[in-house]
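Here are the chains, one letter per residue:
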Amino acid sequence: DLLFSCCIAAVRCDAAAIDVFYYYYPKRLGQVLFVDAPFVFQPVWQLVRPWLKSYASLVRFCDVATVRKEYFTEATLPASFKA
């Protein structure tokens, strides 16, 4: 029961943070990437997604190769993303 309450509080806190970016800094929050998210995250996401309403459309799940290809050049690629 306590663990569930903590999870709900964490989701509400995350939603509040997204609200701040979405309403006060609309040009700053274009997309939220979950890179190589664990398999167990998908069912959790399906539960959380309805609470985020329109923000859910900003979320994208991808792998490191996709991020490397679509968001970086060789000059800007972080060392942790290099093959």
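Parameters and conventions
One numbering rule holds for all chains: residues counted from 1, following each sequence as written. Under the rules for a predicted model, residues below a pLDDT of 70 receive no local features and side-chain atom pairs below 80 are neither given nor counted, while totals for whole chains, interfaces and linings still include all residues. Hydrogens and waters are ignored; side-chain quantities use all the structure's heavy atoms. The way it works is that DSSP assigns letters per residue, a run of H or I at least four long becomes a helix, a run of E at least two long becomes a strand, and they are numbered from the N terminus. The criterion used for residue contact is that any of the two residues' heavy atoms lie within 4.5 Å. Pairing of aromatic side chains requires ring centres within 6.5 Å, counting the rings of Phe and Tyr and the six-membered ring of Trp. Pairs whose planes differ by under 30 degrees are stacked, by over 60 edge-to-face, and all others tilted. Three exposure classes are used, based on accessible area relative to the maximum for each residue type with a 1.4 Å probe and protein chains only: buried under 20%, partly exposed in between, and exposed over 50%. What makes two strands pair is DSSP finding at least two bridges between them. Each salt bridge in this description consists of a side-chain nitrogen of Lys or Arg and a carboxyl oxygen of Asp or Glu lying within 4 Å of one another. What we call a nonpolar core is a set of buried Ala, Val, Leu, Ile, Met, Phe, Trp, Tyr and Cys residues that are connected through their side-chain atoms within 4.5 Å. Multiply 1.5 Å by the residue count of a helix minus one, and that product is the helix's expected span. Within this analysis, the arc is defined by the directions that extend from the helix axis to the C-beta atoms.

- You'll find the chain entered in an unreviewed UniProt entry as CRAL-TRIO domain-containing protein, with Colocasia esculenta given as the organism.

**A closer look at the environment of V35**
For step 1, the next point in the chain: Secondary-structure assignment places V35 in strand 1 (residues 32-35).
For step 2, the next point in the chain: As for V35 and V67, which are separated by 32 residues in sequence, their C-alpha atoms are 7.7 Å apart.
For step 3, the next point in the chain: In this view, V35 contacts C62, D63, V64 and V67; residues no more than four positions away in its chain are not counted.

**Points about the packing of aromatic side chains**
For step 1, the next point in the chain: Counted under the stated rule, the structure contains three aromatic pairs.
For step 2, the next point in the chain: With centroids separated by 5.3 Å and ring planes inclined at 20°, the aromatic side chains of F34 and F61 adopt a geometry described as stacked. You can see F34 sitting in strand 1 and its partner F61 sitting in strand 2 (residues 59-62), a full 27 residues away along the chain.
For step 3, the next point in the chain: Given a relative accessible area of 26%, F34 falls into the partly exposed group.
For step 4, the next point in the chain: The class of F61 is partly exposed, set by a relative accessible area of 28%.

**Some details on the pairing of strand 2**
For step 1, the next point in the chain: Pairing of strand 1 with strand 2, which is carried by four bridges, proceeds in the parallel orientation. Residue pairing across strands places V32 opposite V59, the latter belonging to strand 2.

**Some details on the pattern of salt bridges**
For step 1, the next point in the chain: In the structure shown here, the tally under the stated rule is one salt bridge.
For step 2, the next point in the chain: E70 serves as the salt-bridge partner of R60, at 2.8 Å between the closest nitrogen and oxygen. Of the two residues, R60 is situated in strand 2 and E70 in helix 3 (residues 64-71); the sequence distance between them amounts to 10 residues.

**Digging into the nonpolar core**
Within soluble globular proteins, side chains that are nonpolar generally end up buried alongside one another.
For step 1, the next point in the chain: Residues A15, W45, V48, L52, Y55, A56 and V59 constitute the largest nonpolar core, which totals seven residues.
For step 2, the next point in the chain: Per-element accounting of this core gives the leading share, three residues, to helix 2 (residues 41-52).
For step 3, the next point in the chain: The residues touching L52, leaving out its near neighbours within four places in the chain, are A15, I18 and W45.

**So, the environment of F41**
For step 1, the next point in the chain: Its place among the elements puts F41 in helix 2.
For step 2, the next point in the chain: With sequence-adjacent residues up to four places away left out, F41 is seen in contact with F34 and F61.

**Some thoughts on helix 2**
Within an α-helix, residues lying three or four positions from one another point in the same direction, as the helix has 3.6 residues per turn.
For step 1, the next point in the chain: The terminal C-alpha atoms of helix 2, which comprises 12 residues, lie 16 Å apart, in line with the 16 Å expected from a rise of 1.5 Å per residue.
For step 2, the next point in the chain: Of the residues making up helix 2, those classed as buried are W45, V48 and L52. Around the axis of helix 2, the buried residues are gathered within 80° of arc, so they sit on the same side. More than 90 degrees from the buried face of helix 2, the exposed residues found are L47 and P50.
For step 3, the next point in the chain: K53 occupies a position one or two residues after helix 2 and carries a positive phi of about 50°.

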